[in-house]
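Breakdown of the fold
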Amino acid sequence: MTVKLVHPEGVNRVDVHHQVADTQGSRTIYLAGQVSWDTEGNLVGRDDVAAQAEKAYLNIAAALDAVGATAADLAKVTVYIVDLDEAKAEQFVIGRERAAATLGVEFQQPSTWIGVTSLAAPGYLVEVDAIAVLP
């Protein structure tokens, strides 16, 4: 196992992710921010944070697979959500969990969520970039 997820004592434990990823590997994979586009570049889930989060994570899984990695190799994710608020955060988690169920994995890596005014193209509400570690 190259990534061990930890809930350290003395730090607030949250349900949506772990606070620490302890990695032991020599190969680091950096993914570009993934949005909710299909293989033709079409937006998936217009005006739907959950649908966009789901597709972004499915794209992350496909990108990881392309280099021989899996969701278990993820060490850190950064989430960007347009006009982030509590409702959008909840919708994001719903979408992420739908992707996890589809893939049969868990997405509990340490994460940072950042509210932004816009993303690279109109209509995109969610972008997720990720770092994975392999042996």
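As a starting point, this report considers the structure included with it. (Residues numbered from 1 in each chain as written. Predicted model: local features only at pLDDT ≥ 70, side-chain atom pairs only at ≥ 80, totals over all residues. Heavy atoms only, no water.)

Let's talk about a negative patch on the surface
Taken together, the side chains of Asp-83, Asp-85, Glu-86 and Glu-90 present a region of like negative charge at the surface. Topologically, Glu-90 is positioned in helix 2 (residues 86-103). (Patch = residues over 30% accessible without salt bridge, like charges linked within 9 Å, V, L, I, M, F, W, Y side chains within 5 Å. Areas by Shrake-Rupley, 256 points an atom, 1.4 Å probe, with all protein chains shown as cover. Salt bridge = Lys/Arg side-chain N within 4 Å of Asp/Glu carboxyl O. Lys, Arg positive; Asp, Glu negative; His and termini not counted. Charge placed at Lys NZ, Arg CZ, Asp CG, Glu CD. Helix = DSSP H or I, 4+ residues; strand = E, 2+ residues; numbered from the N terminus.)

Digging into the pattern of salt bridges
Side-chain pairing between opposite charges can occur once the charged atoms of the two side chains come close. As enumerated under the stated definition, the model contains 2 salt bridges in all. Linking Arg-98 and Glu-54 is a salt bridge whose minimum nitrogen-to-oxygen distance equals 2.9 Å. You can see Arg-98 sitting in helix 2 and its partner Glu-54 sitting in helix 1 (residues 49-66), a full 44 residues away along the chain. Given a relative accessible area of 34%, Arg-98 falls into the partly exposed group. The partner of Arg-96 in a salt bridge is Glu-97, with the nearest N and O atoms 3.1 Å apart. (Buried < 20%, exposed > 50% of the residue type's maximum accessible area, 1.4 Å probe, protein only.)

Description of the layout of surface pockets
Estimates place the volume of the largest pocket at around 160 Å³. Looking at the largest pocket, it is lined by 13 residues, and the ones nearest its centre are Val-3, Leu-5, Ala-71, Ala-72 and Gln-109. Its residues assigned to classes, the lining of the largest pocket comprises 7 nonpolar, 4 polar and 2 charged. (1 Å grid on protein atoms, 1.4 Å probe; cavity = no way out; pocket = protein on both sides within 12 Å on 5 of 7 lines; lining within 4 Å. Points joined across faces, edges and corners; volume = space filled by probe spheres on them. Nonpolar A, V, L, I, M, F, W, Y, C, P; charged D, E, K, R; others polar.)

Regarding the environment of Ala-63
Inspection of the secondary structure assignment puts Ala-63 in helix 1. Counting along the chain gives 29 residues from Ala-63 to Gln-34, while the straight-line C-alpha distance between them is 9.1 Å.

A look at helix 2
What sets the pattern is the α-helix's 3.6 residues per turn: residues three or four places apart point alike. With 18 residues, helix 2 should cover 26 Å at 1.5 Å per step; its first-to-last C-alpha distance of 26 Å lies within 8% of that length. Taken as a whole, helix 2 has its buried residues at Ala-89, Phe-92, Val-93, Gly-95, Arg-96, Ala-99 and Ala-100. Angular distribution of buried residues about the axis of helix 2 spans 165 degrees; they occupy a single face of the element. When the buried face of helix 2 is taken as reference, the exposed residues oriented beyond 90 degrees from it are Ala-101 and Thr-102. Those residues of helix 2 that are buried are in contact with helix 1, strand 4 (74-82), strand 5 (111-116) and strand 6 (126-134). At the N-terminal end of helix 2, a side-chain oxygen is found 3.2 Å from the backbone nitrogen of Ala-87, two or three residues along, and the residue is Asp-85. (Expected span 1.5 Å × (residues − 1). Arc of directions from axis to C-beta. Contact = heavy atoms within 4.5 Å. Polar contact = N/O pair within 3.5 Å; in protein donor to acceptor, adjacent residues only side chain to side chain.)

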